[in-house]
Amino acid sequence: MSEHDVPAQTVSDYEAVGGGPAVKAVVNRFYELVVGDPDLAPFFAGIDMASLKRHQVLLVSQVMGGPAEYDGRELRAAHAELPIRPEHFAAVVEHLVAALQEFSVPAEIIDRVVAALGQTQPDIVTADAH
Ligand code: HEM
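Residues numbered from 1 in each chain as written. Predicted model: local features only at pLDDT ≥ 70, side-chain atom pairs only at ≥ 80, totals over all residues. Heavy atoms only, no water.

1. As for the overall build of the protein
Across its full length, the protein holds eight helices and zero strands. Start at the N end of the protein and walk to the C end: the helices and strands fall as α-α-α-α-α-α-α-α. The principal-axis extent of the C-alpha atoms belonging to the protein is close to 55 × 25 × 25 Å. Within the span of the protein, comprising 130 residues, buried residues form 35% of the whole. (Helix = DSSP H or I, 4+ residues; strand = E, 2+ residues; numbered from the N terminus. Buried < 20%, exposed > 50% of the residue type's maximum accessible area, 1.4 Å probe, protein only.)

As C-alpha coordinates, then:
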(Lines give C-alpha, C1' and ligand atoms only; values in the text may rest on other atoms or scores of the structure.)
Protein backbone atom coordinates (compact mmCIF):
# COMPACT_ATOMS: atom_id res chain seq x y z
CA MET A 1 0.00 0.00 0.00
CA SER A 2 1.53 3.34 -1.00
CA GLU A 3 1.22 6.54 1.02
CA HIS A 4 -1.54 7.62 -1.35
CA ASP A 5 -3.77 4.80 -0.07
CA VAL A 6 -3.86 6.14 3.47
CA PRO A 7 -7.56 6.45 4.33
CA ALA A 8 -9.02 9.92 4.81
CA GLN A 9 -8.64 11.12 8.39
CA THR A 10 -11.53 10.09 10.57
CA VAL A 11 -13.74 12.90 11.87
CA SER A 12 -12.67 14.52 15.11
CA ASP A 13 -14.81 14.15 18.22
CA TYR A 14 -15.62 17.82 17.79
CA GLU A 15 -17.11 17.24 14.33
CA ALA A 16 -18.76 13.99 15.41
CA VAL A 17 -20.87 15.71 18.07
CA GLY A 18 -21.97 18.53 15.75
CA GLY A 19 -19.21 21.14 15.88
CA GLY A 20 -19.34 24.61 17.41
CA PRO A 21 -23.10 24.95 18.01
CA ALA A 22 -23.26 21.57 19.74
CA VAL A 23 -20.25 22.34 21.91
CA LYS A 24 -21.77 25.70 22.83
CA ALA A 25 -25.03 24.04 23.86
CA VAL A 26 -23.16 21.52 26.02
CA VAL A 27 -21.12 24.26 27.68
CA ASN A 28 -24.25 26.31 28.42
CA ARG A 29 -25.86 23.31 30.09
CA PHE A 30 -22.59 22.48 31.89
CA TYR A 31 -22.47 25.92 33.46
CA GLU A 32 -26.12 25.76 34.50
CA LEU A 33 -25.26 22.56 36.37
CA VAL A 34 -22.10 24.03 37.90
CA VAL A 35 -23.62 27.27 39.17
CA GLY A 36 -26.68 25.32 40.35
CA ASP A 37 -24.42 23.16 42.54
CA PRO A 38 -24.27 24.72 46.03
CA ASP A 39 -20.76 23.32 46.60
CA LEU A 40 -19.44 24.97 43.44
CA ALA A 41 -21.47 28.16 43.05
CA PRO A 42 -19.38 30.17 45.56
CA PHE A 43 -16.30 29.77 43.33
CA PHE A 44 -18.08 31.52 40.49
CA ALA A 45 -19.70 34.36 42.42
CA GLY A 46 -18.64 37.66 40.85
CA ILE A 47 -16.94 36.03 37.85
CA ASP A 48 -17.76 37.36 34.38
CA MET A 49 -19.69 34.32 33.16
CA ALA A 50 -19.82 35.49 29.54
CA SER A 51 -16.06 35.51 29.16
CA LEU A 52 -15.68 32.37 31.23
CA LYS A 53 -18.13 30.53 28.96
CA ARG A 54 -16.35 31.77 25.85
CA HIS A 55 -13.06 30.44 27.17
CA GLN A 56 -14.65 27.18 28.20
CA VAL A 57 -16.15 26.71 24.73
CA LEU A 58 -12.72 27.20 23.20
CA LEU A 59 -11.10 24.86 25.66
CA VAL A 60 -13.66 22.07 25.29
CA SER A 61 -13.49 22.50 21.51
CA GLN A 62 -9.77 22.01 21.57
CA VAL A 63 -9.94 19.03 23.90
CA MET A 64 -12.28 17.42 21.36
CA GLY A 65 -10.01 18.07 18.39
CA GLY A 66 -11.89 21.10 17.07
CA PRO A 67 -10.41 24.06 15.24
CA ALA A 68 -10.55 26.54 18.08
CA GLU A 69 -7.37 27.63 19.76
CA TYR A 70 -7.59 28.38 23.44
CA ASP A 71 -6.11 31.82 24.07
CA GLY A 72 -6.89 32.30 27.75
CA ARG A 73 -4.56 32.23 30.72
CA GLU A 74 -2.65 29.10 31.64
CA LEU A 75 -4.97 26.85 33.66
CA ARG A 76 -2.60 26.94 36.61
CA ALA A 77 -2.60 30.74 36.71
CA ALA A 78 -6.39 30.95 36.26
CA HIS A 79 -7.02 28.72 39.29
CA ALA A 80 -4.06 29.58 41.50
CA GLU A 81 -6.01 31.81 43.88
CA LEU A 82 -8.93 29.40 44.27
CA PRO A 83 -9.10 26.82 47.10
CA ILE A 84 -10.14 24.01 44.74
CA ARG A 85 -10.11 20.55 46.32
CA PRO A 86 -10.14 17.19 44.52
CA GLU A 87 -13.87 16.78 45.21
CA HIS A 88 -14.62 20.14 43.56
CA PHE A 89 -12.68 19.05 40.51
CA ALA A 90 -14.52 15.70 40.42
CA ALA A 91 -17.88 17.48 40.72
CA VAL A 92 -17.08 19.79 37.80
CA VAL A 93 -16.04 16.84 35.62
CA GLU A 94 -19.24 15.02 36.63
CA HIS A 95 -21.38 17.97 35.55
CA LEU A 96 -19.61 18.09 32.20
CA VAL A 97 -20.22 14.37 31.72
CA ALA A 98 -23.90 14.86 32.59
CA ALA A 99 -24.19 17.69 30.05
CA LEU A 100 -22.50 15.59 27.34
CA GLN A 101 -24.84 12.69 28.12
CA GLU A 102 -27.89 14.96 27.90
CA PHE A 103 -26.83 15.82 24.37
CA SER A 104 -26.40 12.13 23.55
CA VAL A 105 -22.67 12.33 23.01
CA PRO A 106 -21.33 8.77 22.64
CA ALA A 107 -19.65 7.23 25.69
CA GLU A 108 -16.32 6.71 23.94
CA ILE A 109 -16.10 10.44 23.19
CA ILE A 110 -17.04 11.30 26.76
CA ASP A 111 -14.30 8.95 27.97
CA ARG A 112 -11.73 10.81 25.90
CA VAL A 113 -12.91 14.21 27.16
CA VAL A 114 -12.73 12.97 30.76
CA ALA A 115 -9.22 11.60 30.18
CA ALA A 116 -8.05 14.88 28.67
CA LEU A 117 -9.56 16.91 31.51
CA GLY A 118 -8.07 14.52 34.06
CA GLN A 119 -4.63 15.58 32.88
CA THR A 120 -5.42 19.15 33.92
CA GLN A 121 -6.19 18.19 37.53
CA PRO A 122 -2.67 18.90 38.87
CA ASP A 123 -2.91 22.45 37.47
CA ILE A 124 -6.37 23.11 38.87
CA VAL A 125 -6.58 21.42 42.26
CA THR A 126 -4.71 23.75 44.55
CA ALA A 127 -6.04 22.61 47.95
CA ASP A 128 -5.95 19.30 49.84
CA ALA A 129 -8.94 17.00 50.20
CA HIS A 130 -11.03 17.53 53.32
C1 HEM B 1 -12.25 20.41 34.94
C2 HEM B 1 -11.22 21.12 34.61
C3 HEM B 1 -11.26 22.63 34.48
C4 HEM B 1 -10.93 23.30 33.35
C5 HEM B 1 -10.50 22.71 32.02
C6 HEM B 1 -11.09 24.72 33.65
C7 HEM B 1 -10.86 25.74 32.73
C8 HEM B 1 -10.92 27.07 33.00
C9 HEM B 1 -10.67 28.12 32.06
C10 HEM B 1 -10.33 27.90 30.61
C11 HEM B 1 -10.80 29.30 32.70
C12 HEM B 1 -10.67 30.67 32.10
C13 HEM B 1 -9.34 31.23 32.24
C14 HEM B 1 -9.30 32.65 31.71
O15 HEM B 1 -10.36 33.28 31.54
O16 HEM B 1 -8.22 33.16 31.47
C17 HEM B 1 -11.15 28.99 34.06
C18 HEM B 1 -11.38 29.93 35.02
C19 HEM B 1 -11.97 29.63 36.24
N20 HEM B 1 -12.19 28.39 36.78
FE21 HEM B 1 -11.80 26.64 35.88
N22 HEM B 1 -11.49 24.87 34.93
C23 HEM B 1 -11.62 23.62 35.49
C24 HEM B 1 -12.00 23.33 36.77
C25 HEM B 1 -12.42 24.26 37.69
C26 HEM B 1 -12.91 23.95 39.01
C27 HEM B 1 -12.98 22.53 39.60
C28 HEM B 1 -13.28 25.14 39.58
C29 HEM B 1 -13.87 25.41 40.95
C30 HEM B 1 -14.60 24.56 41.59
C31 HEM B 1 -12.98 26.19 38.64
C32 HEM B 1 -13.20 27.52 38.84
C33 HEM B 1 -12.82 28.54 37.99
C34 HEM B 1 -13.00 29.97 38.26
C35 HEM B 1 -13.67 30.56 39.50
C36 HEM B 1 -12.45 30.65 37.18
C37 HEM B 1 -12.35 32.16 37.00
C38 HEM B 1 -11.08 32.66 37.61
C39 HEM B 1 -10.95 34.15 37.46
O40 HEM B 1 -11.44 34.72 36.50
O41 HEM B 1 -10.32 34.74 38.33
N42 HEM B 1 -12.46 25.62 37.50
N43 HEM B 1 -11.23 27.63 34.22
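Okay, back to it.
2. Regarding the site of the ligand
Close to the ligand lie 21 residues, the nearest being F43, Y70, R73, H79 and I124. Between the ligand and R73, the relevant distance is 2.9 Å, taken from an oxygen atom to a side-chain nitrogen or oxygen of the residue. Between the ligand and H79, the relevant distance is 2.7 Å, taken from a nitrogen atom to a side-chain nitrogen or oxygen of the residue. The site holding the ligand turns out to be the largest pocket. Looking at the shell around the ligand, the elements with two or more residues in it are α3 (41-44), α4 (49-63), α5 (75-79) and α6 (86-102). The biggest single contributor to the shell around the ligand is α4, with four residues. (Near = heavy atom within 4 Å. Polar contact = N/O pair within 3.5 Å; in protein donor to acceptor, adjacent residues only side chain to side chain. 1 Å grid on protein atoms, 1.4 Å probe; cavity = no way out; pocket = protein on both sides within 12 Å on 5 of 7 lines; lining within 4 Å. Sits in = over half its atoms within 2 Å of the grid points.)

3. Examining the coordination of the iron atom of the ligand
There is one protein donor for the iron atom of the ligand, namely H79 (NE2), at 2.0 Å. Position of H79 among the secondary structure elements: in helix α5. (Donors = N, O, S within 2.8 Å, 3.2 Å for Na, K, Ca; no water.)

4. Points about the packing of aromatic side chains
Using the criterion set out here, one finds two aromatic pairs in the structure. Centre to centre, the rings of F30 and Y31 are 5.1 Å apart; their planes meet at 50 degrees, and the pair counts as tilted. Residue classification places F30 among the buried positions, given a relative accessible area of 2%. Taken together, a centroid distance of 6.0 Å and an interplanar angle of 80 degrees make the contact between Y31 and F44 edge-to-face. In this pair, Y31 is assigned in helix α2 (residues 19-35) and F44 in helix α3, connecting sequence segments 13 residues apart. Each residue in the set F30, Y31 and F44 is aromatic and connected to the rest through ring pairs, giving one cluster. (Phe/Tyr/Trp six-rings, centres within 6.5 Å; stacked < 30°, edge-to-face > 60°.)

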